[in-house]
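# Report on the structure
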Number of protein chains: 2
Amino acid sequence: MKIAIVHCGELLTLRGARRPRIGAELRDLAIVRDGVVVLEDERITYAGAADGIKIPGGADVIDARGRVVMPGFVDAHTHLVFGGDRVAEFEQRIGGATYETIAAAGGGILATVAATRAATEDDLLRSARGRLQWMIRGGTTSLEIKSGYGLSLDAELKILHVIRALRQESGLRVAATFLGAHTVPPELKGQPEAYLDHVIAEMLPVVGREHLAEYADVFCERGAFDPAQSRRYLSAAHEHGFKLRAHVDQLSRSGGAELAAELGCVTADHLEQSDAAGIAALRTANVQPVLLPGSVYALGKSKYADARAMIDAGLAVVLATDFNPGSSPVPSMPFVLSLAATQMRMTPAEAITAATFNAAHSLGWGAELGSLEASKRADVVIHDCHDHRELAYYVGVEPAAVVIAGGRIVHQRTDE
Amino acid sequence: MKIAIVHCGELLTLRGARRPRIGAELRDLAIVRDGVVVLEDERITYAGAADGIKIPGGADVIDARGRVVMPGFVDAHTHLVFGGDRVAEFEQRIGGATYETIAAAGGGILATVAATRAATEDDLLRSARGRLQWMIRGGTTSLEIKSGYGLSLDAELKILHVIRALRQESGLRVAATFLGAHTVPPELKGQPEAYLDHVIAEMLPVVGREHLAEYADVFCERGAFDPAQSRRYLSAAHEHGFKLRAHVDQLSRSGGAELAAELGCVTADHLEQSDAAGIAALRTANVQPVLLPGSVYALGKSKYADARAMIDAGLAVVLATDFNPGSSPVPSMPFVLSLAATQMRMTPAEAITAATFNAAHSLGWGAELGSLEASKRADVVIHDCHDHRELAYYVGVEPAAVVIAGGRIVHQRTDE
């Protein structure tokens, strides 16, 4: 299967984005005007100027005149697989309940745990498939998905099996993260240490042995796990061969950024409450910050992570949706770009780099995804706008006209 | 042409919303489960329970099982017709420039005035048509459009002709508002009084005589027109037979709400800076507040209008997009619902009422639009969600599956 995308209005190759971790150049999208992208089977064979490139015979030709062509978004932090929804709780929060008080009353994450435990693997697969379609409609072609709404061996395995099935059926690159330490399950209420004993003794070995997840993650937060507990869990996960990601400094500042640095986490996620010391620690340990403005927005808060300080410190910031039913019902990467631009003062170019190239590196996919270059995977999106800045500018529209993942068209807009 | 929409998962009739101005009941969407809507030509002939209604022969039947069926959104404040865009300025604002400093430097509204003056009527129609399509994709079936990027008789007439053409070709209900007093044009810089003399003597009579606009509007704000100037202009417009709307108390508090009340405006729009006295004045004079959270969001500000105080005061709050290229590149009414819920603590039911029933009344369309009842206009949207609260909950997706305006399907989602 050969596809040639020709006359690209703006072809964002991101070829200049050479230093993905420390000191990344976040401003250079290496834009080619009237460029061409050639895809052969799963790979890009050419991306650049039209001069001197011959379109291979038999290629399907797509005219992208006046349109933006770019790498698919890499959504590096999602909780896509769960049972039920939380619209009732959403209404309670409007009435004044906080995320924390709802959780303390058995709602919040635990409500989703109950619904997820009650769901069959088929139920979970079907609902996650619908949400994945929303993401693809926004231009996402690869993503990370966490478990963490099971909190028992069986229920966590059920979620991880669904993630595996989504990977297989969608053809998208999907990374799995084991988030057994998301919160303490109701049957061990008030006993986080006892629950972690169980996670470490019973869950980590099985998940690791069956290669169901590449990463382990923890929710280090008041009401979930404190830094000492998080350290114990992450250290055990490391011994079982997991690479580490961690939810830190979201609702309260607990030194989570420093903890992530100390343990050599690949990413530290959220960081809304992190200060200069935390940012310096991430810098020293080469940890990528994953910023999740969707949850700040959806919770009606106004303290976003200090993206400017992180960029100025030379960190290769990542942006992701944090899609989940409680704090971030946001499947759309373009909306995350909008939040980054309007609420966090990231330029559109910085935000796009954070949502593609930097995000790919945070998942170990830097050699394969995140830019348009020969030999990289054919994850390419044609957006129905003429200037890449429009992706962060217009809000609430789905800009993607054609979405290609692994050389296959997975979405095409054909409204009537 | 007959259409029967059957098995509606949630049919939001809004039949209970009886008092559109003072003391409106904002909470009752009058939801029917498994309901039926019958459309015959341009009208609704039935909307309610399935019991006892016979589907007319020859009707196209649409199964809306598991879906939300509701009136189309009525977007009561937009600036849809303009030349150019303002993405470059968007980037400047990220770099720290304010909306007001950009305007003072000849950017902002004046940049759009220059681009609009340079555009042909065809250019303007073509670009507005594309943006209208975005709105329709969000579930909007009727709207108000303002002029105001011309600021000369010819250029204002050009915009008003485009609005008329959009109304004719789209089949949507479109109200036109003359916003000659949007700002002072560059050729009369520093001379707002001289410009208003011209508007009052040369523009208002022509626009009124040719029936090109039903409403007149003013931007009462620092750098545009002060309250005394706004009063002079609106009073003249009233004498020429225009009904009045006014942009007040957006960036600074100038007593604009009180002015709108004094002059008997139909609506007072923005109101982010209005206080309790302003709200009381609106209440006394029966002026509907039109709240525009998209511009607060897109300008990166956090002070939204005090919707709760207005609702508690018994005002029939309206929500609209304020779609424009500078402060609100937001065509999506679902995103406005999201902002209302997450940032202004309006319940989804209040927000939906504000975006349909109350909005229709603010445009004099209360007898025809804004609820699903026999004899009303067949403006009906089928949303791809099972609970109306999802419209305000998920962000960045286009929920509308089928959009019907005046009995005609104007949008149908058929992705591949």
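Residues numbered from 1 in each chain as written. Chains lettered and ligands numbered in written order. Predicted model: local features only at pLDDT ≥ 70, side-chain atom pairs only at ≥ 80, totals over all residues. Heavy atoms only, no water.

## Structural notes on the relation of the copies chain A and chain B
- Screw-axis analysis of chain A against chain B gives a translation of 0.0 Å along the axis, an RMSD of 0.0 Å, and a rotation angle of 180 degrees. In symmetry terms, the pair is related by a two-fold rotation axis. Closest approach to the rotation axis within chain A is made by the C-alpha atom of Gly396(A), at a distance of 2.2 Å.
- Most of the interface of chain A is mirrored in chain B, where 100% of its interface residues again form contacts. (Least-squares fit on C-alpha atoms with pLDDT ≥ 70 in both. Contact = heavy atoms within 4.5 Å.)

## Quick notes on the domain arrangement of chain A
Residue and element names in this part refer to chain A.
- Segmenting chain A into domains produces domain 1 (2-72 + 371-412) and domain 2 (74-362).
- Listed by partner, the interface residues are 37 residues for domain 1 and 38 residues for domain 2.
- Buried area between domain 1 and domain 2, both sides added, is near 3,100 Å², and the carbon and sulfur share of it is 61%.
- Where domain 1 meets domain 2, there are 1 salt bridge.
- Put simply, Glu 398 and Arg 137 hold a salt bridge, and the shortest N to O gap is 2.7 Å.
- On the surface where domain 1 and domain 2 come into contact, there are 3 residue pairs in polar contact (both at pLDDT 80 or more).
- Per-element tally for the side of domain 1 that touches domain 2: the top contributor is strand E15 (residues 400-405), with 4 residues.
- Residues belonging to the side of domain 1 that touches domain 2 are distributed by class as follows: 20 nonpolar, 6 polar and 11 charged. (Domains from an automatic or database assignment. Buried area = accessible area lost by both parts, 1.4 Å probe. Salt bridge = Lys/Arg side-chain N within 4 Å of Asp/Glu carboxyl O. Polar contact = N/O pair within 3.5 Å; in protein donor to acceptor, adjacent residues only side chain to side chain. Helix = DSSP H or I, 4+ residues; strand = E, 2+ residues; numbered from the N terminus. Nonpolar A, V, L, I, M, F, W, Y, C, P; charged D, E, K, R; others polar.)

## Here we look at the confidence of the model for chain A
- Across chain A, the average pLDDT comes to 94, with 97% of residues at 70 or higher.
- Taken over the whole predicted complex, pTM reads 0.96, whereas the ipTM for its chain interfaces reads 0.95. (pLDDT = per-residue confidence, 0-100.)

## Details of the interface of chain A and chain B
- With 50 residues of chain A at the interface, the matching set in chain B holds 50 residues.
- Surface buried jointly by chain A and chain B totals about 4,700 Å² across both partners, of which 56% is contributed by carbon and sulfur atoms.
- Area buried by chain A at its contact with chain B is led by Ile94(A), Tyr297(A) and Tyr393(A), which between them contribute 16% of it.
- Linking chain A with chain B are 4 salt bridges.

## Quick look at helix H3 (residues 109-118) of chain B
Residue and element names in this part refer to chain B.
- Taken residue by residue, H3 has Ile 109, Thr 112, Val 113 and Thr 116 as its buried positions. Taken around the axis of H3, the buried residues stretch over an arc of 105 degrees, which confines them to a single face.
- Elements in contact with the buried residues of H3: helix H2 (99-104), helix H4 (121-137) and helix H5 (153-170). (Buried < 20%, exposed > 50% of the residue type's maximum accessible area, 1.4 Å probe, protein only. Arc of directions from axis to C-beta.)

## Some words on the environment of Gly35(B)
Residues and elements named next belong to chain B.
- In this fold, Gly 35 is placed in strand E2 (residues 31-40).
- Exposure remark for Gly 35: the relative accessible area of 0% places this residue in the buried category.
- In the structure, Gly 35 is positioned 15 residues away from Ala 50 in sequence and 5.2 Å away in space, judged by C-alpha atoms.
- The residues touching Gly 35, leaving out its near neighbours within four places in the chain, are Ile 5, Val 6, His 7, Cys 8, Leu 11 and Gly 48.

## A closer look at the pattern of salt bridges
- Inspection of every chain in the model, using the stated rule, returns 56 salt bridges over all chains.
- A salt bridge links Arg413(A) to Glu398(B); the shortest N-O distance between them is 2.7 Å. Of this pair, Arg413(A) sits in the segment after strand E16 (408-412) while Glu398(B) is found in the loop between helix H15 (390-393) and strand E15 (400-405), placing the two residues in two different chains.
- Here Arg253(B) makes a salt bridge to Asp249(B), at a shortest N to O gap of 3.2 Å.
- Overall, Arg253(B) belongs to the partly exposed group, its relative accessible area being 36%.
- Classification of Asp249(B) by relative accessible area gives buried; the value is 0%.
- Overlapping salt bridges, with partners in common, bring together Arg137(A), Glu398(A), Arg413(A), Arg137(B), Glu398(B) and Arg413(B) in one network.

## Quick look at the environment of Phe335(B)
- Within the fold, Phe335(B) resides in helix H12 (residues 333-344).
- When the C-alpha positions of Phe335(B) and Gly294(B) are compared, they lie 8.1 Å apart, and in sequence the two are 41 residues distant.
- Aside from chain neighbours lying at most four places away, what touches Phe335(B) is Tyr297(A), Phe335(A), Val395(A), Gly396(A), Tyr297(B), Val330(B) and Val395(B).

## Examining the pairing of E15(B)
All names here are of chain B.
- Most of E15 is tucked away, with 6 of its 6 residues classed as buried.
- Summarising the sheet, strand E14 (residues 380-383) and E15 pair through 4 bridges and their orientation is antiparallel. Of the residues in E15, the one forming a bridge with Ile 382 is Val 402.
- Pairing analysis gives 4 bridges linking E15 to strand E16 (residues 408-412), with the strands arranged antiparallel. Residue Val 403 lies in a different strand from E16, and its bridge partner there is His 411.
- The hairpin formed by E15 and E16 contains 2 residues between the paired strands, and Gly 406 there has a positive phi angle of roughly 55 degrees. (Pairing = 2+ DSSP bridges.)

## Quick notes on the state of the cysteines
Residue and element names in this part refer to chain A.
- In the structure shown here, the tally under the stated rule is 0 disulfides over all chains.
- Of all cysteine sulfurs in the structure, the one in Cys 220 sits closest to Cys 265, which takes part in no disulfide; the separation is 10.0 Å.
- Look at Cys 265 and you get buried, because its relative accessible area is 2%.
- Left without a disulfide partner, Cys 385 is nearest to the cysteine sulfur of Cys 8, which lies 12 Å away. (Disulfide = S-S within 2.5 Å.)

## Overview of helix H9 (residues 276-285) of chain A
Residue and element names in this part refer to chain A.
- Within H9 the residues assigned to the buried category are Gly 278, Ile 279, Ala 281 and Leu 282. Buried residues of H9 fall within an arc of 155 degrees about the axis and therefore sit on the same side. Facing away from the buried side of H9 by over 90 degrees, the exposed positions are Ala 276 and Thr 284.
- Of the surrounding elements, those touching the buried residues of H9 are helix H8 (256-262), strand E11 (267-270), strand E12 (288-291) and helix H11 (307-312).
- The N-terminus of H9 is capped by Asp 275, whose side-chain oxygen sits 3.2 Å from the backbone nitrogen of Ala 277.
- Following H9 by one or two positions, Asn 286 adopts a phi angle in the positive range, close to 60 degrees.

## A look at the packing of helix H5 (residues 153-170) of chain A against helix H6 (residues 192-209) of chain A
Residues and elements named next belong to chain A.
- Packing of H5 against H6 leaves a shortest axis separation of 10 Å and a crossing angle of 25 degrees. With respect to H6, the axis of H5 lies roughly parallel. As H5 packs across H6, the resulting crossing turns out to be right-handed. On the side of H5, the interface is formed by Leu 153, Glu 156, Leu 157 and Leu 160, while H6 contributes Glu 202, Met 203, Val 206 and Val 207.
- Considered class by class, the residues forming the contact of H5 with H6 number 6 nonpolar, no polar and 2 charged. (Axes fitted to C-alpha atoms, helices over the stretch in contact; angles between N-to-C directions. Parallel < 35°, antiparallel > 145°, perpendicular 65-115°, else oblique. Left-handed = near helix turned anticlockwise from the far one by under 90°.)

## Notes on the sheet that holds strand E7 (residues 140-146) of chain B
Residue and element names in this part refer to chain B.
- Pairing is parallel in the open sheet, where 8 strands are placed in the order E6-E7-E8-E9-E10-E11-E12-E13. Each having just a single partner strand, strand E6 (73-75) and strand E13 (318-319) make up the two edges of the open sheet.
- Looking at chain direction, strand E10 (residues 243-248) and strand E11 (residues 267-270) are connected through 4 bridges and run parallel. Directly across from Ala 246, in E11, lies its bridge partner Ala 268.

## What about the pairing of E2(B)?
All names here are of chain B.
- Pairing analysis gives 8 bridges linking strand E1 (residues 2-12) to E2, with the strands arranged antiparallel. In the strand pairing of E2, Cys 8 is matched with Gly 35.
- Summarising the sheet, E2 and strand E3 (residues 43-48) pair through 5 bridges and their orientation is antiparallel. Note that in E3 the partner of Glu 40 across the bridge is Arg 43.

## Side note on the packing of aromatic side chains
- By the definition in use, this model includes 22 aromatic pairs over all chains.
- Ring plane angle 25 degrees and centroid distance 6.4 Å describe the contact between Tyr195(A) and Phe225(A), whose orientation is recorded as stacked. Linking Tyr195(A) in helix H6 with Phe225(A) in the loop between strand E9 (215-218) and helix H7 (227-239), this pair joins segments that are 30 residues apart in sequence. In terms of burial, Tyr195(A) and Phe225(A) fall into one category: buried.
- The positively charged end of Arg245(B) is found above the aromatic ring belonging to Tyr215(B), 4.6 Å away from the centroid. (Phe/Tyr/Trp six-rings, centres within 6.5 Å; stacked < 30°, edge-to-face > 60°. Lys NZ or Arg CZ within 6 Å of the ring centre and 35° of its normal.)

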